[in-house]
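The residues making up each chain are set out below.
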There are 2 protein chains.
Amino acid sequence: MDREIKILIVEDDHAVREGLNMLISGSRGFNCVAACASAEEALKIIPETLPDVVLMDINLPGMNGIDCVVCIRSAHPEIQVMMLTVFDNSEDIFKSLAAGATGYLLKKTPPAKLLEAITELVNGGSPMSGEIARKVVQTFMKPSAYQFPDANLTPREEEILSYLAKGYLYKEIANALFINIETVRTHIHKIYQKLQVRTRTEVLLKFMNR
Amino acid sequence: MDREIKILIVEDDHAVREGLNMLISGSRGFNCVAACASAEEALKIIPETLPDVVLMDINLPGMNGIDCVVCIRSAHPEIQVMMLTVFDNSEDIFKSLAAGATGYLLKKTPPAKLLEAITELVNGGSPMSGEIARKVVQTFMKPSAYQFPDANLTPREEEILSYLAKGYLYKEIANALFINIETVRTHIHKIYQKLQVRTRTEVLLKFMNR
DNA sequence: ATAAAAATCACACATTCGTGTGATTGATTA
DNA sequence: TAATCAATCACACGAATGTGTGATTTTTAT
């Protein structure tokens, strides 16, 4: 890890782009291999420059940053993409992560923190601004934290529920647990009563956020 | 934010517990209000001490740390819990977050980073060790994102799919769209072919991540 | 030791779901 | 204009699911 980190910037605002360029180029261990003003330009240059990290704005003319991430990651899965944007709304965050971004910083991040985050990114981390991380973490809380704990499911019921939620057929659950399918049906019947649902689909919807 | 941050430690290993206690007590702006060796002890002391932050080990005698988080958060939702453990397996991570923990650090975290993370926690962030954050972020990446957009669903099929994903029965979809249930079945049959699935549950699982 | 809870299996019935095949109508397009 | 596609409806069959009721065994808790 004593090689310079090759960075490519995608940012349509000229001033911001050049600011980032100077910051990176002027920092030991970091090398800015390109600074693009559009997603299209970046996609063209990436095969030639093969950066380690892409700093990606979301709001771009033409193709947006999130779709650009999809393109980059499908062609070069080893490239780490860090979103760098002013948007902190949930939709952008989760679309970005779903698209394959592994970091998400807000533009207000101070320069030193940005460089630190880039380093963490190439070292297998996923740096996020505080409020971003909180939103990400909170998505794990809702379903299981509110409804399920008070449903008072027994350990066995929890176990069967987990198979149910994975889409296993009753007979498959029975095979996996070495019990009769009738037993599976009995358990699921009780689970449904406790969770106040009537179908497997409703269970799935409870796992998600409605 | 000029008040001292009140911290409660739950950690069964005596040496680690005292080490943390000394670190916190010896740092300006941090105040260790209690250091407990078990979850039960913590639950008893919390109402008296009302900490801002709880540092929680997972592997504890008696009640484990994750269940302890559930108890704490249900009684005191304003208390922030940071897991502090040697375990970095996915199950512990996601159970902890589901239980309501908002931070997750590994024990190898250096003291300065730990204090920084506690500060970030009370400021609305969700500090995580690098490899933890990466695992969390990766759950949002969907391989299904490839198949869905290009599945070439017609507008009507998309519409019916949306009802399907909401858990509507076939007959309910038919009523909502003023069409015959047979038509619904035909559409769904084609949708399943295009999405390469065999059950409604598999569709839901495609919507989710894995 | 006894009561309660959890886990197991059984049977019957009705509903829902997924598949296969086929047909009609209207709109789009080559 | 002919071919294609989207949307509609129909029928039949089997698989899977959900419900109700009841029973036995094991484990846990009081």
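Residues numbered from 1 in each chain as written. Chains lettered and ligands numbered in written order. Predicted model: local features only at pLDDT ≥ 70, side-chain atom pairs only at ≥ 80, totals over all residues. Heavy atoms only, no water.

Trainee: Before we go on, may I ask you to explain the sheet that holds strand β2 (residues 30-36) of chain B in this structure?
Mentor: Strands belonging to one sheet form pairs held by backbone hydrogen bonds; the direction of such a pair is parallel or antiparallel. Residues and elements named next belong to chain B. Spatial strand order, β2-β1-β3-β4-β5: five strands in an open sheet with parallel pairing. Strands at the two margins of the open sheet, each flanked by one partner only, are β2 and β5 (103-106). For this sheet the average axis-to-axis angle between neighbouring strands, irrespective of direction, equals 20°. In terms of strand pairing, strand β4 (residues 80-85) meets β5 through four bridges, oriented parallel. From the neighbouring strand, Met-83 faces β5, where its bridge partner is Tyr-104. This element, helix α2 (residues 39-49), spans β1 (5-10), β2 and β3 (53-56) of the sheet and lies at about 160° to β1. (Pairing = 2+ DSSP bridges. Helix = DSSP H or I, 4+ residues; strand = E, 2+ residues; numbered from the N terminus. Axes fitted to C-alpha atoms, helices over the stretch in contact; angles between N-to-C directions. Contact = heavy atoms within 4.5 Å.)

Trainee: In this structure, what is going on with the sheet that holds strand β3 (residues 53-56) of chain A? I would like to understand it.
Mentor: All names here are of chain A. Strand order in the open sheet made by the five strands is β2-β1-β3-β4-β5, with parallel pairing throughout. The sheet is open, and its two borders are formed by β2 (30-36) and β5 (103-106), each paired with just one other strand. Neighbouring strand axes in the sheet, compared pairwise and without regard to direction, differ in orientation by 20° on average. Bridge analysis of β3 against strand β4 (residues 80-85) gives four bridges, and the strand direction is parallel. Bridge pairing in β4 links Val-54 to Val-81. Its contacts with the sheet put helix α1 (residues 14-25) on β1 (5-10), β2, β3 and β4, and the angle it makes with β2 is roughly 160°. The sheet contacts of helix α5 (residues 111-122) involve β1, β2, β3, β4 and β5, and relative to β4 the element is tilted by about 155°.

Trainee: Hey, could you run me through the packing of helix α4 (residues 90-99) of chain B against helix α6 (residues 130-138) of chain B in this one?
Mentor: Between two packed helices, the angle of one axis relative to the other and the distance separating the axes together describe the packing. Residue and element names in this part refer to chain B. Two elements in contact, α4 and α6, have axes separated by 11 Å at closest approach and are oriented at 75°. Between α4 and α6, the angle is such that the two are roughly perpendicular. Two secondary-structure elements touch here, α4 through Ser-90, Ile-93, Phe-94 and Leu-97 and α6 through Ile-132, Lys-135 and Val-136. The residue makeup of the contact of α4 with α6, split by class, is five nonpolar, one polar and one charged. (Parallel < 35°, antiparallel > 145°, perpendicular 65-115°, else oblique. Nonpolar A, V, L, I, M, F, W, Y, C, P; charged D, E, K, R; others polar.)

Trainee: Hey, could you run me through the protein's contact with DNA strand D in this one?
Mentor: Taken together, 18 residues sit near DNA strand D, with Tyr-170 and Arg-185 of chain A together with Thr-154, Asn-180 and Arg-185 of chain B positioned nearest. When the atoms of DNA strand D within 4 Å of the protein are grouped by moiety, sugar and phosphate amount to 65% of the total. At a separation of 3.0 Å, a phosphate oxygen of DNA strand D approaches a polar side-chain atom of Tyr-192 of chain A. Glu-182 of chain B places a side-chain nitrogen or oxygen 2.8 Å from a base nitrogen of DNA strand D. Ranked by the residues each element gives to the surface near DNA strand D, the list is headed by helix α10 (residues 181-195) of chain B, at five residues. (Near = heavy atom within 4 Å. Polar contact = N/O pair within 3.5 Å; in protein donor to acceptor, adjacent residues only side chain to side chain.)

Trainee: Looking at this structure, how should I read the interface of chain A and chain B?
Mentor: A common way to state how big an interface is: give the accessible area lost once the parts meet. At the junction of the two partners, chain A supplies 36 residues and chain B supplies 36 residues. In total, chain A and chain B occlude about 2,800 Å² of area from one another, counting both sides; carbon and sulfur atoms represent 68% of this. Taken together, the links from chain A to chain B amount to two salt bridges. Between Glu-116 of chain A and Lys-113 of chain B there is a salt bridge; the shortest N-O distance is 3.1 Å. On inspection of chain A and its partner chain B, the count reaches eleven residue pairs in polar contact (both at pLDDT 80 or more). When residues of the side of chain A that touches chain B are traced back to their parent elements, those giving at least two are α3 (65-75), α4 (90-99), α5, α6 (130-138), α7 (142-146) and α11 (200-207) of chain A. Residues that form the side of chain A that touches chain B fall into these classes: 16 nonpolar, twelve polar and eight charged. (Buried area = accessible area lost by both parts, 1.4 Å probe. Salt bridge = Lys/Arg side-chain N within 4 Å of Asp/Glu carboxyl O.)

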